[in-house]
Each structure stands twice: as C-alpha cells, then as structure tokens.
Amino acid sequence: NAPPSPIHFIIDCCLAPWCGHCKSLAPIYDELAEAFAGNDQVIIAKIDATANYVPPELGIAGFPTLIWFPVGGEPVNYSEGRDLDSFKSFIEARLSGSTAHAEKDEL
C-alpha cells in the first residue's frame, strides 16, 4: 500500500448563514467540492464563522472569506473570481506547480 498523497492545500470558506453573498456562493462552492471530491490532495471546507471559533489572526473582516491553507505555507486570502472556473483554475494551477497565481497570493 502506498502512503496517502500529501494535501496540497485546503480552501476554507468562512461564512455567515444570514449573508446574501454567502448564499449566492453556496451552490458554486458545492460544485467545487464535487469537482474535487475524488482528489485526495485537496480539501474543500465550509465553516460557519458565526457559530465556530475562527482564529483572529486570520483577519476575517467580512463574509464570505475564502482562505487557502497550503501545506507548509502561510494562509492566504483568496481574492480572485468567485465563479467555478476561477476556483478550479486556481486549484489546478497550484496542483500543477504553476507559479502564475503565487505572485497574487502575497498579502
């Protein structure tokens, strides 16, 4: 048996159930999770930031907030498109080792 593949990153969506933008993003985010459901290198997660502890150092200032947690790296706020294709392109670029998006990730 081969050891499990390392997780490249986790996208965590901090949301609030009353937030209109969060409600609009929900079906797209669900599609994203379905698109990567078979990939053991990626975790797509949602957290209700109004009902769960979110560390203040993450700087959640509004909803939804999408944060990338690369293995061995610092969390990065995602600031690109909020459509399925943009999410998928970002993830696929990361998985392929592309640095095209890395320069945009600097906080």
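From a predicted model like this one, the values you see are computed outputs, not experimental measurements.

Calculation notes
- Residues numbered from 1 in each chain as written.
- Predicted model: local features only at pLDDT ≥ 70, side-chain atom pairs only at ≥ 80, totals over all residues.
- Heavy atoms only, no water.
- Phe/Tyr/Trp six-rings, centres within 6.5 Å; stacked < 30°, edge-to-face > 60°.
- Helix = DSSP H or I, 4+ residues; strand = E, 2+ residues; numbered from the N terminus.
- Buried < 20%, exposed > 50% of the residue type's maximum accessible area, 1.4 Å probe, protein only.
- Disulfide = S-S within 2.5 Å.
- Contact = heavy atoms within 4.5 Å.
- pLDDT = per-residue confidence, 0-100.
- Polar contact = N/O pair within 3.5 Å; in protein donor to acceptor, adjacent residues only side chain to side chain.
- Pairing = 2+ DSSP bridges.

**Focus on the packing of aromatic side chains**
Argument step 1. Scanning the entire structure with this criterion turns up six aromatic pairs.
Argument step 2. Relative to Phe 63, the ring of Trp 18 lies with its centre 5.7 Å away and its plane at 90 degrees, an arrangement referred to as edge-to-face. Placement of the pair is Trp 18 in the loop between β1 (9-15) and α1 (20-35) and Phe 63 in the loop between β2 (42-48) and β3 (65-70), with a sequence separation of 45 residues.
Argument step 3. Classification of Trp 18 as exposed rests on a relative accessible area of 58%.

**With respect to the state of the cysteines**
Argument step 1. Throughout the structure, instances matching the rule amount to zero disulfides.
Argument step 2. Considering cysteine sulfurs only, Cys 22 is the nearest to Cys 13, which forms no disulfide, with 6.1 Å between them.
Argument step 3. Lacking any disulfide linkage, Cys 22 is separated from the closest cysteine sulfur, that of Cys 19, by 3.0 Å.
Argument step 4. Under the relative-accessibility criterion, Cys 22 is labelled buried at 7%.

**Regarding the environment of Leu 32**
Argument step 1. Within the secondary structure layout, Leu 32 lies in helix α1.
Argument step 2. Residue classification places Leu 32 among the buried residues on the basis of a relative accessible area of 0%.
Argument step 3. Residues Leu 32 and Asp 83, spaced 51 residues apart in sequence, show a C-alpha to C-alpha distance of 9.4 Å.
Argument step 4. Excluding its chain neighbours within four sequence positions, the residues that come into contact with Leu 32 are Ile 44, Leu 84, Phe 87, Lys 88 and Ile 91.

**Topic: the environment of Gly 59**
Argument step 1. Relative to the helices and strands, Gly 59 resides in the loop between β2 and β3.
Argument step 2. The class for Gly 59 is partly exposed, based on a relative accessible area of 46%.
Argument step 3. Separated by 18 residues in the primary sequence, Gly 59 and Asn 77 have C-alpha atoms spaced 9.2 Å apart.

**Overview of the confidence of the model for the protein chain**
Low pLDDT marks stretches whose predicted atomic positions should not be read closely.
Argument step 1. Scored by pLDDT, the protein chain comes out at a mean of 83, with 82% of its residues at no less than 70.
Argument step 2. Element-level pLDDT for the protein chain is lowest in β1, with a mean of 78, against a maximum mean of 94 in α1.

**Description of the side chain of Ser 86**
Argument step 1. With respect to the helices and strands, the residue Ser 86 is situated in helix α2 (residues 84-96).
Argument step 2. A distance of 2.8 Å separates polar atoms of two side chains, one belonging to Ser 86 and the other to Asp 83.
Argument step 3. Excluding its chain neighbours within four sequence positions, the residues that come into contact with Ser 86 are Tyr 78 and Gly 81.

**Quick word on unusual backbone geometry**
Argument step 1. Residue Pro 64 follows Phe 63 across a cis peptide bond; omega there is -10 degrees.
Argument step 2. Among the structural elements, Pro 64 can be located in the loop between β2 and β3.

**Considering the pairing of β3**
Argument step 1. Bridging between β3 and strand β4 (residues 76-77) involves two bridges; their strand directions are antiparallel. Residue pairing across strands places Trp 68 opposite Val 76, the latter belonging to β4.
Argument step 2. In sequence, β3 turns back onto β4 through a hairpin of five residues, with Gly 72 there showing a positive phi of about 75 degrees.

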